Amino acid sequence: MDGTYNGPARQGPVRFVSPVTLNLERIYTQNRINIQKRHGRVPEPAPGPAAKGKPRLLLMGQRRSGKSSISSVVFNKMPPNETLFLESTARVQKEAMRSFMDFQVWDFPGQLDFFDPNFDQDAVFGEIGALIWVIDAQDEYLDAINRLNMTILNIQPAYSNINIEVFIHKVDGLSEDYKLDIQRDIMQRIQDELSDHGFENAPINFHLTSIYNHSIFEAFSKVIQKLIPHLPTLEALLNDLCRSCRFEKAYLFDIVSKIYVATDSSPVDMPSYEICSDYIDVIVDVSEIFGWAPRPEDYVKALEGPPWNKKLEDQTGCGAAESCIVLTDQKRPIMLREVNTYLVLVAIMKEGSYEKMPLVTMNVETVVKGLLEVLEITKQRNGVEDGR
């Protein structure tokens, strides 16, 4: 978002309404825990009965294909450049992600043979949400394709409902034509071999990804959306909002990971997604500057047990966060409205629509109520405990 905040008084109005009320307990706590983990001060939580019933995202692929880097960047907010110093994964890394929907991310070592007779396959694939196979596009990938095909042929008879997602990774240094050539070659090789074994038109999705741009978040957004039971209802609400307010694009974002849970039916273009994602970071940064600052002992409490007893909105006496800003280079307003602790609604408005903000705000409030009702129904249906 370079250049979008220079001289707001000259280019157009900029309005921040209660940005300090953005719920930051989870952000503070998660970032603190991640820093402590990085220095080896907090042990990895052991998987136990609490993990039962949560959908899993399995990250698999060859050694050094980028699985751990992907997990660290997307779910632990590690800067991409720091992933160069990550050690190769020696054992299965399991992380429980607490967000709008509780799920687990399992990072598998590339050398692990999970089809060994002594390996409990049901413990791995029994509650899987998606199998994400990472292929290094800058390396020889024939072995990776062979292992993927072998994996699919082994799990399909017993676990036919598994979503299989192929991340063609590390494409940031490749030209557009070369990326597409590699994607076509990988797709053709996988589908041909599966067809030879009787799997015609296997349900496999392919994504070009890199941790150095937003493509990895876009890919994970599409993977996560397949695990949401009421996704069509969420999309219908966002479609109604775009139609009534004449929005160009609307996203429902997870605050920390920048994965978008849902969007309207218009095509997703990467520039609009990047702008909305960066805008969330701006609001969070503003909130950290002007909001309530936790004391050092509060960090200790967060590490030892549950977050602080009071939510930020209770401490400030304000409601949920709402913000609107006008981009100086495009003169298009972008608005943000907090939905709950984990989700925000971000929309790109059309030029000149800033003058109709009272009507827009009323429509957004109505849609937010509808989104909360859908999320509550989903939570009750899945038997998830309340108290987030």
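This text goes with the structure placed above it.
What this report covers is the structure whose coordinates are included nearby. The structure displayed is predicted, hence computed values, not measured ones.

## Quick word on the overall build of the protein
Part 1 of the reasoning: For the protein, the helix and strand inventory stands at 12 helices and 12 strands.
Part 2 of the reasoning: Per-residue burial for the protein yields a buried fraction of 49% across its 388 residues.
Part 3 of the reasoning: Taking all contacts inside the protein whose residues are at least 6 apart in sequence as the whole, residues at least 24 apart take part in 72%.

## So, the packing of aromatic side chains
Part 1 of the reasoning: Using the criterion set out here, one finds 11 aromatic pairs in the structure.
Part 2 of the reasoning: Geometrically, the ring pair formed by Phe125 and Tyr159 is tilted, given 5.9 Å between the ring centres and 35° between the ring planes. Of this pair, Phe125 sits in helix 4 (residues 121-125) while Tyr159 sits in the loop between helix 5 (142-155) and strand 6 (163-169); the two residues are 34 residues apart in sequence, bridging distant segments of the chain.
Part 3 of the reasoning: On the basis of relative accessibility, which here comes to 1%, the residue Phe125 falls in the buried class.
Part 4 of the reasoning: For Tyr159, a relative accessible area of 16% puts it in the buried group.
Part 5 of the reasoning: Between the aromatic rings of Phe253 and Tyr260, the centroid separation amounts to 6.4 Å while the plane-to-plane angle is 70°, which identifies the pairing as edge-to-face.
Part 6 of the reasoning: According to the relative accessible area criterion, Tyr260 is buried, its value standing at 2%.

## Structural notes on the packing of helix 5 against helix 6 (residues 176-196)
Part 1 of the reasoning: One can describe the packing of helix 5 onto helix 6 by two numbers: an axis separation of 10 Å at closest approach and a directional angle of 40°. When the interaxial angle is binned, helix 5 and helix 6 end up oblique. The two elements helix 5 and helix 6 meet at a crossing, and its hand is right-handed. Within the contact between the two elements, helix 5 uses Leu142, Ile145, Asn146, Leu148, Asn149, Ile152 and Leu153 and helix 6 uses Ile186, Arg189, Ile190, Glu193 and Leu194.

## Remarks on unusual backbone geometry
Part 1 of the reasoning: Positive phi is not limited to glycine here, since Lys170 has a value of about 60°.
Part 2 of the reasoning: Counting through the fold element by element, Lys170 comes out in the loop between strand 6 and helix 6.
Part 3 of the reasoning: For Lys258, which is not glycine, the phi dihedral falls at a positive 65°.
Part 4 of the reasoning: Mapped onto the fold, Lys258 is located in the loop between strand 8 (247-254) and strand 9 (260-263).
Part 5 of the reasoning: Look at Lys258 and you get buried, because its relative accessible area is 6%.

## Let's talk about the pattern of salt bridges
Part 1 of the reasoning: Summed over the entire model, instances satisfying the criterion amount to 10 salt bridges.
Part 2 of the reasoning: The partner of Arg243 in a salt bridge is Asp240, and the shortest N-O contact between them spans 2.3 Å. Taken as a pair, Arg243 and Asp240 lie in helix 8 (residues 231-245) at a separation of three residues, close to a single helical turn.
Part 3 of the reasoning: On the basis of relative accessible area, Arg243 is assigned to the exposed category, the value being 59%.
Part 4 of the reasoning: Owing to a relative accessible area of 38%, Asp240 belongs among the partly exposed residues under this scheme.
Part 5 of the reasoning: Among the salt bridges present, the one from Asp264 reaches Lys249, with a minimum N-O distance of 3.5 Å. Taken as a pair, Asp264 in the loop between strand 9 and helix 9 (270-290) and Lys249 in strand 8 lie far apart in primary sequence, 15 residues in all. For the pair Asp264 and Lys249, a shared accessibility class is recorded, and that class is buried.

## Points about the sheet that holds strand 7 (residues 204-208)
Part 1 of the reasoning: An order of 3-4-2-5-6-7 is seen for the six strands of this open sheet, with the pairing classed as mixed. The sheet is open, and its two borders are formed by strand 3 (93-97) and strand 7, each paired with just one other strand. When the angles between neighbouring strand axes are averaged without regard to direction, this sheet yields 20°.
Part 2 of the reasoning: Direction of pairing for strand 5 (residues 128-136) relative to strand 6: parallel, over a ladder of seven bridges. Paired with Leu131 across the two strands is Ile164, which belongs to strand 6.
Part 3 of the reasoning: The sheet strands contacting helix 5 are strand 2 (56-61), strand 5, strand 6 and strand 7, and the helix crosses strand 5 at an angle near 160°.

What counts as what
Sequence order sets the numbering: in each chain, residues are counted from 1 along the sequence as written. Given that the model is predicted, a residue must reach a pLDDT of at least 70 before its local features are reported, and side-chain atom pairs must reach 80 or more before they are shown or counted; all residues, however, enter totals for whole chains, interfaces and linings. Each side-chain value is worked out from all heavy atoms of the structure, with water and hydrogens disregarded. The helix count covers DSSP runs of H or I at least four residues long, the strand count covers runs of E at least two residues long, and both are numbered beginning at the N terminus. When accessible area is computed with a 1.4 Å probe and restricted to protein chains, residues below 20% of their type maximum are described as buried, those above 50% as exposed, and intermediate ones as partly exposed. Note on definitions: a residue-residue contact is assigned when non-hydrogen atoms from the two residues lie within 4.5 Å. Note on aromatic pairs: the rings of Phe, Tyr and Trp (six-membered ring only in Trp) are paired at centre separations within 6.5 Å, and the planes decide the class, stacked below 30 degrees, edge-to-face beyond 60, tilted for the rest. To get an axis, fit a line to the C-alpha atoms, keeping to the stretch in contact for a helix; angles then go from 0 to 180 degrees between the N-to-C directions. Our angle categories are set so that under 35 degrees counts as roughly parallel, over 145 as roughly antiparallel, 65 to 115 as roughly perpendicular, and the remainder as oblique. Each helix crossing is assigned a hand: it is left-handed if the near helix lies turned anticlockwise from the far helix by less than a right angle, otherwise right-handed if that turn is clockwise. For salt bridges, the criterion is a side-chain nitrogen of Lys or Arg within 4 Å of an Asp or Glu carboxyl oxygen. By this definition, two strands are paired if DSSP reports at least two bridges between them.

Treat this as a map of the structure, not an account of what it does.
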